[in-house]
Number of protein chains: 2
Amino acid sequence: MEPVRVNLGPRSYDIRFAGDLGSFADFVRLSVPRAKLALVVADTHTERHATTVRDALESVGLRTGMAVVPSGESSKSLAEFGKLLDALADLPADRQTAVVAVGGGVVGDLAGFAAAAYNRGLPLVMVPTTLLSMVDSSVGGKTGINHAKGKNLIGAFHQPAGVWIDPAFLGTLPDREFRSGLAEVVKYGVIQDAEFFAWQEANAAAILARDLEAVRYLVAKSCRLKADVVEQDEREETGLRAILNYGHTFAHAFETVGGYGAWLHGEAVAAGMVCASRLAEKLGRIPADVTERQVKLLTAFGLPLHPKAEWPIEPMIDVMRRDKKAAAGRLRFVLPTRMGHVELVDGVPEDLVREVLC
Amino acid sequence: MEPVRVNLGPRSYDIRFAGDLGSFADFVRLSVPRAKLALVVADTHTERHATTVRDALESVGLRTGMAVVPSGESSKSLAEFGKLLDALADLPADRQTAVVAVGGGVVGDLAGFAAAAYNRGLPLVMVPTTLLSMVDSSVGGKTGINHAKGKNLIGAFHQPAGVWIDPAFLGTLPDREFRSGLAEVVKYGVIQDAEFFAWQEANAAAILARDLEAVRYLVAKSCRLKADVVEQDEREETGLRAILNYGHTFAHAFETVGGYGAWLHGEAVAAGMVCASRLAEKLGRIPADVTERQVKLLTAFGLPLHPKAEWPIEPMIDVMRRDKKAAAGRLRFVLPTRMGHVELVDGVPEDLVREVLC
Ligand SMILES: NC(=O)c1ccc[n+]([C@@H]2O[C@H](COP(=O)([O-])OP(=O)(O)OC[C@H]3O[C@@H](n4cnc5c(N)ncnc54)[C@H](O)[C@@H]3O)[C@@H](O)[C@H]2O)c1
Ligand SMILES: NC(=O)c1ccc[n+]([C@@H]2O[C@H](COP(=O)([O-])OP(=O)(O)OC[C@H]3O[C@@H](n4cnc5c(N)ncnc54)[C@H](O)[C@@H]3O)[C@@H](O)[C@H]2O)c1
Ligand SMILES: [Zn+2]
Ligand SMILES: [Zn+2]
């Protein structure tokens, strides 16, 4: 597997895969050549993998510290952020000290923000351990924590110096987490790459069985597709990055009304994509089979297709109206035009949105 | 007075002066054209000026909130940072909401970091009210807070959308604070502009009397000189920005050994410049009169020329050895080569450093 190069001028970096030519040691020397010290950050479920990473860092001659946060979304807090800063100060970190995030999106987002803020920017190495973090959160430079009033409300753009993907780390990942990550993989197919979508249809069984070659291919392909978008809109300024939100306006409403915790993020995204695709049908933008193919693939992946019947519809509409992507209360969605392509559509009538939620 | 343009590509901005053609209202419409909301941040000593600014913002149609932090360095803390984020969330801020910092470097650094982090970047307007913040901290995009283990250890580069300088706000500034700010002004002359240094010598009395034209000229000139450096090294990557640290390696040692609070920052910088200049003499880099002119001007400004006799020398040397600018324990200083020009000098013998401290 070739490394995936993310081209961002002076902030360019490689996503490398374990098992290819070149070891973790080479990766570290290439991506953070001047680091003598590293703070490895993990959560309680990834501590074991972090120890492996830590040993590998020490074998290349780095001195390391380790910080373990409780697993779960609530660690993306100002309090845990402060503790990581304390851990860096205790090392003590210098300007070349690497922050090495070993975990899912929670660890990556939190440790990434600490790396962004300490000394106004330390080199960050991402070692994602969930499928979601391998295909999504480790790529693109968004870091941050939550605020009582909003998810990911506090943070920074801080591109990693390198991303190391070892699919072996997925060995301990619960099945539901793995399937949830697949929703974002399906998304890349729908928004950017019809061939990749077809590949997933043809290889659904191998993917679910976590066949190593299938997983490596789908992770690399997903990283490449996300990188293509990020390269054109690094800081969410041109609007292009919005296509990554396919299914997410609905998902956000499901997560809010269902309560965080009812569904994993990918589960909400799966049902959100089906709703968005149905909406595109109602607007006459796509034929029914574009939706049907998504329904089939998501079903194969064991993902939900519809919000739970007990969730009330009006509060969901309210959330969508307040969505950051909604301009002045008019509903706005990323909708498919054909398999492999989406567009931002403004001023969608609320009635149609209600219909796809029913 | 022409506005001072800071050229940083898409992050360019103007520093504008009250009393010129164009009002504060015009400035706000130009610098944050899409803002409908603003959070005005002040400390207990600048609250009055902040109220003036707030009224002006409301008269242009912005809805405002106000957050007042205790005056003093201890407000540059994670706790106050968290409170500002809460205040922004309570507004609630959207992506266009402006953060307007009305105060000295403490308010600017703290509010600037909150603006950088909230939503990964809100537009920031600086309204400096101390001489130091007018000539130094409001220009350049460094924001941040302190950590028990180090000053300004946590932060972000976040360029303001605009800087508004109203010398009338200096009316309430204590004399000692005003004179302390002058140390940085003297610094710009020594490191970048011999003519500006000579102008200060010729106008010392008018400056100390806070003659309005003299103050406007010296603030604008200082902003221009700092902007020249920042434009060439926005994120402290090329090393050029290091020249701004003239006198600061010594100053940092004085502040640490004397205890923060014994001296104001500019007082430490004044004595630090004299030490650095004497060091350059001892190294045969400049004739004695370059130092003597600084001594005379700083004396006229009522600033100290020498560390206090009771401060022990070895701890000061220790601090300098640990300085971020010191490479591998070898002492490194920014030293004059002639009036208006400095160089980074590496591997300075400790004995000479001891001599200039005695
Ligand atoms: N920065 C971005 O661009 C971006 C993009 C998408 C999502 N996110 C963020 O990512 C987070 C979600 O990421 P996630 O789904 O990886 O969640 P997560 O980090 O909470 O991981 C999910 C669960 O799996 C556990 N886990 C992780 N790796 C494991 C492994 N190898 N074996 C066993 N257990 C393991 C974790 O401890 C956790 O309990 C959210 O906070 C979201 O906001 C960020
Ligand atoms: N970001 C940068 O590039 C940069 C550069 C230099 C210094 N700094 C930071 O700036 C801070 C020092 O700035 P400062 O000297 O302005 O300190 P400050 O903000 O603490 O102000 C000094 C004192 O004057 C008071 N004050 C401010 N304006 C007043 C006014 N108009 N009338 C009456 N009182 C007033 C303040 O309340 C405070 O008591 C330090 O934290 C330093 O680290 C930052
Ligand atoms: Zn997502
Ligand atoms: Zn200074």
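Procedures and definitions
Residues numbered from 1 in each chain as written. Chains lettered and ligands numbered in written order. Predicted model: local features only at pLDDT ≥ 70, side-chain atom pairs only at ≥ 80, totals over all residues. Heavy atoms only, no water. UniProt positions renumbered as here; feature names shortened; annotations may be inferred. Donors = N, O, S within 2.8 Å, 3.2 Å for Na, K, Ca; no water. Helix = DSSP H or I, 4+ residues; strand = E, 2+ residues; numbered from the N terminus. Buried < 20%, exposed > 50% of the residue type's maximum accessible area, 1.4 Å probe, protein only. pLDDT = per-residue confidence, 0-100. Contact = heavy atoms within 4.5 Å. Polar contact = N/O pair within 3.5 Å; in protein donor to acceptor, adjacent residues only side chain to side chain. Least-squares fit on C-alpha atoms with pLDDT ≥ 70 in both. Domains from an automatic or database assignment. Buried area = accessible area lost by both parts, 1.4 Å probe. Salt bridge = Lys/Arg side-chain N within 4 Å of Asp/Glu carboxyl O. Axes fitted to C-alpha atoms, helices over the stretch in contact; angles between N-to-C directions. Parallel < 35°, antiparallel > 145°, perpendicular 65-115°, else oblique. Left-handed = near helix turned anticlockwise from the far one by under 90°. Nonpolar A, V, L, I, M, F, W, Y, C, P; charged D, E, K, R; others polar. Near = heavy atom within 4 Å. Areas by Shrake-Rupley, 256 points an atom, 1.4 Å probe, with all protein chains shown as cover.

- Naming follows an unreviewed UniProt entry, where chain A appears as 3-dehydroquinate synthase of Limnoglobus roseus.
- Under the UniProt heading Pathway (unreviewed entry), the entry covering chain A gives this text: "Metabolic intermediate biosynthesis; chorismate biosynthesis; chorismate from D-erythrose 4-phosphate and phosphoenolpyruvate: step 2/7."
- Annotation of chain A in UniProt includes, under Sequence similarities (unreviewed entry), the sentence "Belongs to the sugar phosphate cyclases superfamily. Dehydroquinate synthase family."

**Notes on the coordination of the zinc ion (ligand 3)**
Under perfect tetrahedral coordination by four donors, a metal shows angles of 109.5 degrees; under perfect octahedral coordination by six donors, it shows angles of 90 or 180 degrees.
All names here are of chain A.
And then number 1: Protein ligation of the zinc ion (ligand 3) involves E184 (OE), H248 (NE2) and H265 (NE2), the donor distances falling in the range 2.0 to 2.1 Å.
And then number 2: Each donor residue of the zinc ion (ligand 3) lies on the same chain, and together they follow the pattern E-x63-H-x16-H. With E184 in helix α6 (residues 175-192) and H265 in helix α11 (residues 265-282), this pair connects stretches of sequence that are 81 residues apart.
And then number 3: Note on H265: relative accessible area 28%, which makes it partly exposed.

**With respect to the coordination of the zinc ion (ligand 4)**
All names here are of chain B.
And then number 1: Within the protein, E184 (OE), H248 (NE2) and H265 (NE2) serve as the donor atoms for the zinc ion (ligand 4), at 2.0 to 2.1 Å.
And then number 2: Binding-site remark: the zinc ion (ligand 4) is held by donors from one chain whose sequence spacing is E-x63-H-x16-H. Of this pair, H248 sits in helix α10 (residues 248-258) while H265 is found in helix α11 (residues 265-282), placing the two residues 17 residues apart along the sequence.

**Section: the confidence of the model for chain A**
And then number 1: Residues with a pLDDT of 70 or more make up 97% of chain A, whose mean pLDDT is 95.
And then number 2: Across the interfaces of the predicted complex, the ipTM metric reaches 0.93, alongside a pTM of 0.96.

**Points about the UniProt feature "binding site: Zn(2+)" (unreviewed entry) in chain A**
Residue and element names in this part refer to chain A.
And then number 1: Per the UniProt entry, the sites bearing "binding site: Zn(2+)" (unreviewed entry) are E184, H248 and H265 in this numbering. A compact arrangement is adopted by the annotated residues: their sequence extent is 82 residues, whereas the largest C-alpha distance between any two is 10.2 Å.
And then number 2: Once residues within four sequence positions are removed from consideration, E184 is found in contact with L132, V135, D136, H248, H265 and V269.
And then number 3: A polar contact is formed between the side chain of E184 and the side chain of K187, at a distance of 2.9 Å.
And then number 4: If we ignore the near neighbours within four places in the chain, the residues touching H265 are L132, S180, E184, H248 and E255.
And then number 5: Among the polar contacts listed, one links the side chain of H265 to the side chain of E184, at a separation of 3.1 Å.

**Regarding the relation of the copies chain B and chain A**
And then number 1: Between chain B and chain A, which share one sequence, the superposing operator has a rotation angle of 180 degrees and an axial displacement of 0.0 Å; the RMSD is 0.0 Å. Both copies are brought into coincidence by an operation consistent with a two-fold rotation axis.
And then number 2: Here 100% of the contact residues of chain B are again contact residues in chain A; the copies associate through an equivalent surface.

**Considering the domain arrangement of chain A**
Residue and element names in this part refer to chain A.
And then number 1: One can read the domain layout of chain A as domain 1 (4-172) and domain 2 (175-357).
And then number 2: Averaged C-alpha coordinates put domain 1 and domain 2 at centres separated by 27 Å.
And then number 3: On the domain 2 side, the residues contacting the 25 residues of domain 1 number 27 residues.
And then number 4: When domain 1 packs against domain 2, the two sides together hide about 2,300 Å² of surface, and 63% of this comes from carbon and sulfur.
And then number 5: When the buried surface of domain 1 facing domain 2 is broken down by residue, L131, V135 and F157 rank first, second and third, together holding 26% of it.
And then number 6: At the boundary of domain 1 with domain 2, the tally comes to three salt bridges.
And then number 7: The residue K226 makes a salt bridge to D136 at a minimum N-O spacing of 2.7 Å.
And then number 8: Inspection of the domain 1/domain 2 interface yields eleven residue pairs in polar contact (both at pLDDT 80 or more).
And then number 9: Put simply, the parts of the chain that give the side of domain 1 that touches domain 2 at least two residues each are β1 (4-6), β2 (13-17), α5 (131-137) and β8 (150-157).
And then number 10: With five residues, α5 is the largest single contributor of residues to the side of domain 1 that touches domain 2.

**Some details on the interface of chain B and chain A**
And then number 1: On the side of chain A, 27 residues touch chain B, which itself brings 27 residues to the contact.
And then number 2: Where chain B abuts chain A, roughly 2,300 Å² becomes buried across the two surfaces, and 54% of that area is made up of carbon and sulfur atoms.
And then number 3: The largest contributions to the chain B side of the interface with chain A come from L78, R120 and L153 of chain B, which together make up 29% of the buried area.
And then number 4: At the surface where chain B touches chain A, the tally comes to two salt bridges.
And then number 5: Between D90 of chain B and K149 of chain A there is a salt bridge; the shortest N-O distance is 2.4 Å.
And then number 6: The tally of links from chain B across to chain A stands at ten residue pairs in polar contact (both at pLDDT 80 or more).

**Notes on the packing of α10 of chain B against α11 of chain B**
Residue and element names in this part refer to chain B.
And then number 1: Interaxial distance between α10 and α11 falls to 7 Å at its minimum, and their mutual angle equals 130 degrees. Taken together, α10 and α11 sit at an angle that is classed as oblique. Along this stretch, α10 crosses α11, giving a crossing that reads as right-handed. Contacts between α10 and α11 involve H248, F250, A251, F254 and E255 from the former and H265, A268, V269, A271, G272, C275, A276 and L279 from the latter.
And then number 2: Across the contact of α10 with α11, the residue classes break down as nine nonpolar, three polar and one charged.

**Remarks on the site of ligand 1**
All names here are of chain A.
And then number 1: Around ligand 1 sit 25 residues in total, of which D43, T129, T130, K151 and T172 are the nearest.
And then number 2: Between ligand 1 and K151 there is a distance of 2.7 Å, counted from an oxygen atom to a side-chain nitrogen or oxygen.
And then number 3: N152 places a side-chain nitrogen or oxygen 3.3 Å from an oxygen atom of ligand 1.
And then number 4: When isolated, ligand 1 has an accessible area of 860 Å², and the protein chains bury 88% of it.
And then number 5: Of all the secondary structure elements, the ones that give two or more residues to the shell around ligand 1 are α4 (105-117), α5 and β8.
And then number 6: Broken down by class, the residue content of the shell around ligand 1 amounts to five nonpolar, eleven polar and nine charged.

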